[in-house]
Amino acid sequence: MLPRRAVVAGLGVLLPGQALAGVASHVPAHVHAAAAARHATHPLHAPAIVGRAAAPKPLVMLDPGHGGKDPGAIGISGTYEKHVAEAAASELQRQLEASGRYRVAMTRADDRFIPLEGRVDIAHSHKASLFISMHADALTNRAVRGASVYTLSSKASDRQTAMLARTENSADRYGGPQVHADSPEVQEILASLVTEETRHGAAHMASSIVTAFRPRVGLLQHPSRHASFVVLKSADIPSVLVEMGFMSNHMDEAALRQAAHRMVVAGAMVQAIDRYFATDSMVTHATG
């Protein structure tokens, strides 16, 4: 004959909870006491944590300048800046993703017009860790050539940079009267709202790009500059604008038309981005 405890255990499969409770109420007290003793001797434990989830990869937002009805600068041979910027950004995206160290997003991946503030909004919607706007503008002096990097400031570092900022900030004119960049007064206020940490991050990124470019990409005499660029106004995402060269110079234009040269530019920028995120003070941005 089966022991009473075995019968009760078997009934647990066949009887609803209420009926089983009635049966269990007839189990002698010494049986409950024995079960409690066994539970005390062998308490249940939560599953052991054997590892920790990897931190998310930092997201790099690439911003090919201009697009759509805004061609940007037009080179001596007729090359559009918007096409050069998109091609260079696509190559940089390819190399960054191939490294396996980053997530990458583009403000535009085709030939479309996006307002300047809309580009910043896209970076925020993706919770980007870093924002890089890519350009190849034009100057009145066609002899000037070489790459340069720009960060946000309410005051331009020099006259040439002030002219570039005015040109870039006027790009929204292609969007019609409802789309426009902020006035100089508002831009100055916005620049003052950028956190010190963000300024430090942008300056560090600009320095890293100049260092990576120096041995392989021609630079302006003073390649690290600043001005009130609307597209760099994010208060909490370190942002830089990279001029890969000038479409007004026939040598720069010819180089930027070549896929091999764009690969070199992208390779140098990957090295700069690696250096940026390897810096301890930048770790907080990697989980943005």
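Here, every reference points to the structure presented above.
Residues numbered from 1 in each chain as written. Predicted model: local features only at pLDDT ≥ 70, side-chain atom pairs only at ≥ 80, totals over all residues. Heavy atoms only, no water.

(A) Just the pattern of salt bridges, in detail. Scanning the entire structure with this criterion turns up nine salt bridges. Taking the shortest distance from any N to any O, the salt bridge between Asp-111 and Lys-82 comes out at 3.1 Å. Separated by 29 residues along the polypeptide, Asp-111 in the loop between strand E2 (103-106) and helix H5 (116-125) and Lys-82 in helix H4 (residues 81-99) bring together distant segments of the chain. The residue Arg-94 makes a salt bridge to Glu-91 at a minimum N-O spacing of 2.7 Å. (Salt bridge = Lys/Arg side-chain N within 4 Å of Asp/Glu carboxyl O. Helix = DSSP H or I, 4+ residues; strand = E, 2+ residues; numbered from the N terminus.)

(B) Summary view of the nonpolar core. Ranked by internal contacts, the top residues of the largest apolar core, which has 39 residues, are Leu-96, Ile-132, Met-205, Phe-213, Val-240, Val-242 and Ile-273. Going through the elements one at a time, strand E1 (59-64), H4, E2, strand E3 (130-135), strand E4 (147-152), helix H8 (196-213), strand E6 (239-243) and helix H10 (259-278) are the ones with two or more residues in this core. Among the elements that line this core, the one with the most residues is H10, at nine residues. In contact with Val-240, other than residues within four places in its own chain, are Phe-131, Ile-132, Ser-133, Val-149, Tyr-150, Thr-151, Ala-202, Met-205, Ala-206, Ile-209 and Leu-232. Ala-128, Val-194, Phe-229 and Val-231 belong to the second largest nonpolar core, which has 23 residues in total. (Core = buried A, V, L, I, M, F, W, Y, C linked by side-chain atoms within 4.5 Å. Buried < 20%, exposed > 50% of the residue type's maximum accessible area, 1.4 Å probe, protein only. Contact = heavy atoms within 4.5 Å.)

(C) Broad picture of the packing of aromatic side chains. A complete count under the given rule lists three aromatic pairs for this structure. Seen from their ring centres, Tyr-102 and Phe-277 are 5.6 Å apart, and the 45 degrees between their planes marks the pair as tilted. Here Tyr-102 is found in the loop between H4 and E2, whereas its partner Phe-277 is found in helix H10, with 175 residues between them in sequence. What makes Tyr-102 buried here is its relative accessible area of 7%. Members of the aromatic cluster, connected to one another through ring pairs, are Tyr-102, Tyr-276 and Phe-277. Taking the ring centre of Phe-113 as reference, the NZ or CZ of Lys-69 above it sits at 5.6 Å. (Phe/Tyr/Trp six-rings, centres within 6.5 Å; stacked < 30°, edge-to-face > 60°. Lys NZ or Arg CZ within 6 Å of the ring centre and 35° of its normal.)

(D) Representation of the sheet that holds E3. In spatial order, the strands read E2-E1-E3-E6-E4-E5; together these six strands make up an open sheet with mixed pairing. Each end of this open sheet is capped by a strand with a single partner; those strands are E2 and strand E5 (219-227). Sheet twist, expressed as the mean angle between neighbouring strand axes with direction ignored, is 20 degrees. The strands touched by helix H6 (residues 159-169) are E3, E4, E5 and E6; relative to E5, the strand with the most contacts, the crossing angle is about 60 degrees. Each of E3, E4, E5 and E6 is contacted by H8, which is oriented at about 175 degrees to E4, the strand it contacts most. (Pairing = 2+ DSSP bridges. Axes fitted to C-alpha atoms, helices over the stretch in contact; angles between N-to-C directions.)

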